[in-house]
Amino acid sequence: MNNFKRICALLLALIMVMGLSACSRKPSWSYKTDTASYAEGVYIYSLFSAYNEAYSILQSKLGDKFDSTSTILDIASTFDETGEEVLCEDWIKSQADIITKNLAAIDEKIAEYGITLDKTQVESARELAKEDWYLGPYYEYYVASGYEATSYEDMLSPYGVSFDSFFTSSYLASVKQSAIFDHLYGKGGEEEVSDEAITEYFTDNYTSYAYFVVNLYETSIDSETNQQVYHPYSDELIKETENDLESYAKLINSGTPYSEVMYRYMKAHNLSDDPSVKNIENLEASSLGEDVLDALNTLKEGNATYLKVGSGDTSVMYFISKFDIESEANDYLSKDGNRHTILQALKSEDFGNYLNDITESVEVDVNEKIIEKYNPAMFENL
């Protein structure tokens, strides 16, 4: 995936929500088409987003050699899989141009297709944008964790871009992209994806599973330090746990339904709540540990297994069961949200190519006097 497609993906997932604040004077246009113009702040937003993308790429590539106290702009590097080495400053400016052109291309397609944006979605996006603008992203998390949240307004207002530019470039752009995606691939769309194709993709790429965890240790509180102390099971007790889980796995592998096995397990262990974690997902994007993923990938549908994970004081035993994905397809895909998620996964590459194509072909006028005023060095606090 080239860097432009990665930027588009960030817009779709609402990860690219860096904003810039209001300016006291009326902003000039930076880019325009025959039907729309884009404020000065929209370009600065694009430049800032591209700078942060370059910073992240170099930080990841250089690792311990990355110097956060020095400028990144004079570093020559490759920023995508083309292998072409370019000066970081030049790459940032090029990407800022692409990002801004993408906004123009999206608006042209919205008009060409006659798409009317859902007012509820737009207003919901605006409220989310306002929360990040005035409070900061993950505000509740930071406050609950005892940290001070930083709003995008406070963080980026020195660069002189309005909330409208922030909203236009991030949340609203995402709503528009989603509307075009649905127009192309949704039901009744120009390139409608059939239910059969979605079901086939789902059953080929997704896994339905459940697991629960059994600790191989006990805990207590040290009376002197008031700290939690871990007491690992003896080898004999670990073996008993393993034998217990093996018996339940054999039941499932012989055809007993998972729900019935869990009822027996809960009754035998005096549990009032089912300890199972159940999920349907593409394992390639799963956050499960490597050992558990390996077990799931090799496990047959309708079967169960168990495995020990970790060592020492905090090792655990996983009991894992894998279900027949085809039998769950109708129920899962009958929910609009689930169907749309699978549709996005199925057509994400095609849509990325589409966005790339319309961005390359869009005709824009660039206000060079405005663009030349801004250099990515403005974002470096060295």
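The sections below set out a description of the structure shown in this document.

1. Digging into the packing of helix H3 (residues 88-113) against helix H8 (residues 171-185)
Step number 1: Running from amino to carboxyl end, H3 crosses H8 at an angle of 45 degrees, the nearest separation of the two axes being 10 Å. Relative to H8, the element H3 is oriented oblique. When the axes of H3 and H8 are compared, the crossing they make is left-handed. In this structure, H3 contributes Asn102, Leu103, Ile106, Asp107, Lys109, Ile110 and Tyr113 to the contact, and H8 contributes Ala173, Lys176, Gln177, Ala179, Ile180, His183 and Leu184.
Step number 2: In the contact of H3 with H8, the residues fall into eight nonpolar, three polar and three charged.

2. Quick word on unusual backbone geometry
Step number 1: Residue Asn226 is not a glycine yet carries a positive backbone phi of 60 degrees.
Step number 2: Looking at the element boundaries, Asn226 is found in the loop between strand E6 (217-221) and strand E7 (228-232).

3. What about the pairing of E7?
Step number 1: Looking at chain direction, E6 and E7 are connected through five bridges and run antiparallel. The partner of Ser220 across the bridge, within E7, is Val229.
Step number 2: What sits between E6 and E7 in their antiparallel hairpin is a turn of six residues, with Asn226 showing a positive phi close to 60 degrees.

4. Some thoughts on the packing of helix H9 (residues 195-205) against helix H14 (residues 336-361)
Step number 1: Here H9 crosses H14 at 80 degrees, and the two axes come no closer than 10 Å. One way to sum up the angle between H9 and H14 is to call them roughly perpendicular. Residues Asp195, Ala197, Ile198, Tyr201 and Phe202 of H9 form the contact with H14, whose participating residues are Arg339, Ile342, Leu343, Ala345 and Leu346.
Step number 2: A breakdown of the residues in the contact of H9 with H14 according to their chemical character gives eight nonpolar, no polar and two charged.

5. Let's talk about the sheet that holds strand E8 (residues 277-281)
Step number 1: Pairing within the open sheet is antiparallel, and its four strands lie in the order E8-E5-E10-E9. Edge strands, defined here as strands with exactly one partner in the open sheet, are E8 and strand E9 (304-309). In this sheet, adjacent strand axes meet at a mean angle of 25 degrees when their direction is disregarded.
Step number 2: With five bridges joining them, strand E5 (residues 207-215) and E8 adopt antiparallel strand pairing. Bridging from a neighbouring strand, Thr207 pairs with Glu281 of E8.

6. A few points about the side chain of Thr33
Step number 1: Here Thr33 lies in the loop between strand E1 (29-32) and strand E2 (37-39).
Step number 2: Here Thr33 is in contact with Ala104, Glu108, Glu363 and Val364, once residues within four sequence places are set aside.

7. Some thoughts on the packing of aromatic side chains
Step number 1: In total, this model carries 30 aromatic pairs according to the counting rule given.
Step number 2: Taking the centre distance of 6.0 Å and the plane angle of 55 degrees together, the rings of Phe163 and Phe166 count as tilted. With Phe163 and Phe166 both in helix H7 (residues 163-169) and three residues apart, this pair spans about one turn of that helix.
Step number 3: Take Phe166: its relative accessible area is 0%, and that puts it in the buried class.
Step number 4: On the basis of an interplanar angle of 5 degrees and a centroid distance of 6.0 Å, the ring pair of Phe163 and Phe167 is categorised as stacked. Here Phe163 pairs with Phe167, and both are found in helix H7, just four residues apart, close to one helical turn.
Step number 5: Judged by relative accessible area, which is 13%, Phe163 ranks as buried.
Step number 6: For Phe167, a relative accessible area of 3% puts it in the buried group.
Step number 7: Three or more aromatic residues joined by ring pairs form one cluster here, namely Tyr45, Trp133, Tyr134, Tyr152, Phe163, Phe166, Phe167 and Tyr171.
Step number 8: If you follow Lys32 out to its NZ or CZ, it ends over the ring of Trp29, 4.6 Å from the centre.

The rules behind these values
- Residues numbered from 1 in each chain as written.
- Predicted model: local features only at pLDDT ≥ 70, side-chain atom pairs only at ≥ 80, totals over all residues.
- Heavy atoms only, no water.
- Axes fitted to C-alpha atoms, helices over the stretch in contact; angles between N-to-C directions.
- Helix = DSSP H or I, 4+ residues; strand = E, 2+ residues; numbered from the N terminus.
- Parallel < 35°, antiparallel > 145°, perpendicular 65-115°, else oblique.
- Left-handed = near helix turned anticlockwise from the far one by under 90°.
- Contact = heavy atoms within 4.5 Å.
- Nonpolar A, V, L, I, M, F, W, Y, C, P; charged D, E, K, R; others polar.
- Pairing = 2+ DSSP bridges.
- Phe/Tyr/Trp six-rings, centres within 6.5 Å; stacked < 30°, edge-to-face > 60°.
- Buried < 20%, exposed > 50% of the residue type's maximum accessible area, 1.4 Å probe, protein only.
- Lys NZ or Arg CZ within 6 Å of the ring centre and 35° of its normal.

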